[in-house]
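# Survey of secondary and tertiary structure
Here are the chains, one letter per residue:
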Amino acid sequence: MGVIPLGMRGLLAGIEQAADAHALFAETSTRLRRVTPFDAAVWVATDPINGLTTAPVRVENLHEGGCGTYWESELFSEHVNLFRDLARAPVPVAGLRAVTGDDPGLSPLYRNFMCPRGFDDELRAVLRVDGQPWGQLSLFRERGRKPFQDTDVALVSGLSTPMARRLRSFAQPLAPAAAGRAEAPGMLLFDPEGGLVSINDEARHLLAQMPPGPATTTARGIELPLPVWILSTAGRARITGENSRIRIRTTTGRWLVCHASCLRDLAGTPAMTALVIEPATPSEVASLVVAAYELTRRELDVTELIARGQSTGEIAATLFLSAHTVRDHVKAIFDKVGVTSRGELTAKLFTDHYQPLAATQTLRVFDGETPA
C-alpha cells in the first residue's frame, strides 16, 4: 500500500468522525479547500436508487437568485459532464474545462449559471459506493484561478467512496419505531411549464416537515417555496414522461416517498404533472437501510425470507443452499446489523423509524459567516 498524503489523511479522518451528513459536508469542505482551493460549492445527498437530489444540501457562497438554473440543468438543458454519466464512469470526477477541451461555453450551465457569476471552471463528482450514488458535489473556481487539474481530480476521486460509505451509514436507524396515525397523501399539480398550480393541505403539512435547503417558488399566486428535490423529481417526470420517485428523511426522522407522474390528455398529449408525497412503507425504507448495513445480495435475500417468517430449512430450500450456509449468512447479518434474534432483525429493518434531527442539518453558508 502506498503512503497516504498528509492532506488526504486529514480528509479521511474528518469523514470518519462526522456525526451526520451536514457535519460531513461542512468538515470535508473546510479541509478540502486547504488542499484544493475553490470559491463556491454545492454538496448534495442523493437517492441511491436513481441519483436524484434529496436532503441534506449544503450550498456555499451562492446566493438564492438563479440557483434554479443549477438545479434544473441536469434535467432540462445540460449535456456536458452530467452527474448521471459520472455515476457510471470509471472515475466519477471530472472538470468542466478538461472535458470540453478548454471550451466551457459548450455547457449551458456555464453560459447560464457560471459565467454570469464569474465562475470559470467546475469540478463535479459523484459520491458512490458499490455502484450506488449517495451524493454529489460541485466545486467552482472564479476567473483568474487556474482550472482544476488532474491532481485535483485524483484527490476528490479518492474521497468519493469514503464519503459515500459515510452517507450510507447515516441511513441506519438510530431510534426505535414509533406508531403513528395513517395520513392522507399530499398532492401537487404542475403545469406543462413546471409551475405549481394546485396543492392540497396534506402536501403543505408534509412539506413543512422536510429539512431546510435550497428552494424555488414556481407557483403563480401560490407563495410556497418548493425544495429543489421536489422540483427535480417532478421535472424528471415531466421531461422524460416516466415515473420518478425519491425518498426523503424529514426533520422528525421519518421517511417520506415522493413520486411524480406525467399526466396526458385524452389525445395523449403531455399535460399536468402530478406529484404525491406520503409516508414511506417499511419495504421502501428497507432498501436504504439494508444498503446502510452493507449486506450482500445473498444476505439481503436471506433477510427478506427471515422477514417472511421462513425457517432455516425453508430458506435453504428456497435459495438452493445448505442449512449450514444459511446459518452462516444469518450470523453475518446479525453481526452487521447488531441484533441477536430474527424478530429483532425484522423490527429493525422493516419498520418505519423515527429520529430527532437538528433543523440546521442543511445550510446555505458564506465565507466569514458562522452557521447558527
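### Here's the deal with the nonpolar core
- Judged by nonpolar contacts, the single largest core of 45 residues is most densely connected at Leu-188 and Ile-277.
- Counting residues per element, this core draws most heavily on helix H9 (residues 228-240), at six residues.
- By size, the runner-up hydrophobic cluster in this structure holds 35 residues, among which are Ala-18, Val-153, Phe-170 and Val-257.

### A look at the packing of aromatic side chains
- Across all of its chains, the model carries three aromatic pairs by this definition.
- When the centroid spacing of 5.9 Å and the interplanar angle of 35° are considered together, the rings of Phe-25 and Trp-43 count as tilted. With Phe-25 in helix H2 (residues 21-35) and Trp-43 in strand S1 (residues 40-46), the pair connects residues that are 18 residues apart, well separated along the chain. Like Trp-43, Phe-25 is buried.
- Pairing Phe-113 with Phe-140 gives two aromatic rings, centres 5.9 Å apart and planes at 55°, and the pair type is tilted. Separated by 27 residues along the polypeptide, Phe-113 in helix H6 (residues 108-114) and Phe-140 in strand S5 (residues 132-142) bring together distant segments of the chain. The same class applies to Phe-113 and to Phe-140, which are both buried.
- Ring pairing ties together the aromatic residues Phe-113, Phe-119 and Phe-140, which thus form one cluster.
- Over the ring of Phe-83 we find Arg-124; its NZ or CZ atom is 3.9 Å from the centre of that ring.
- Here Arg-141 stacks its cationic end above the ring of Phe-148, 4.1 Å away from the centre of that ring.

### Section: the pattern of salt bridges
- Across all of its chains, the model carries 15 salt bridges by this definition.
- The residue Asp-39 makes a salt bridge to Arg-145 at a minimum N-O spacing of 2.9 Å. In this pair, Asp-39 is assigned in the loop between H2 and S1 and Arg-145 in the loop between S5 and helix H7 (150-169), connecting sequence segments 106 residues apart.
- Relative accessible area serves as the criterion here: at 14%, Asp-39 is assigned to the buried category.
- Of the residues examined, Arg-145 reaches a relative accessible area of 37% and is grouped as partly exposed.
- When salt bridges that share partners are traced, they join Arg-33, Arg-58 and Glu-60 into one network.

### Observations regarding unusual backbone geometry
- Backbone geometry at Asn-81 places phi at a positive 60°, although glycine is not the residue there.
- Here Asn-81 is to be found in the loop between helix H3 (67-76) and helix H4 (83-86).
- The backbone of Glu-294 shows a phi angle near 60°, a positive value even though the residue is not glycine.
- On the secondary structure map, Glu-294 appears in the loop between helix H10 (282-292) and helix H11 (297-307).

Scoring rules and cut-offs
- All chains use their own residue numbering, which begins from 1 and follows the written sequence.
- Given that this is a predicted model, residues contribute local features only at a pLDDT of at least 70 and side-chain atom pairs are listed and counted only at 80 or more, while totals for whole chains, interfaces and linings are drawn from all residues.
- Hydrogens and waters are ignored; side-chain quantities use all the structure's heavy atoms.
- Here, the term nonpolar core denotes a set of buried Ala, Val, Leu, Ile, Met, Phe, Trp, Tyr and Cys residues that are joined through side-chain atoms within 4.5 Å.
- A 1.4 Å probe rolled over the protein chains alone gives each residue an accessible area, and that area as a share of the maximum for its type sets the label: buried under 20%, exposed over 50%, partly exposed in between.
- The numbering of helices and of strands both runs from the N terminus, where a helix is a DSSP run of H or I of at least 4 residues and a strand a run of E of at least 2.
- Only Phe, Tyr and Trp rings are paired, with Trp represented by its six-membered ring, and only when their centres lie within 6.5 Å; those with planes under 30 degrees apart are stacked, over 60 edge-to-face, the remainder tilted.
- Here, a charge over a ring is recorded when the distance from Lys NZ or Arg CZ to the ring centre is within 6 Å and its angle to the ring normal is within 35 degrees.
- When a carboxyl oxygen of Asp or Glu lies within 4 Å of a side-chain nitrogen of Lys or Arg, that pair is called a salt bridge.

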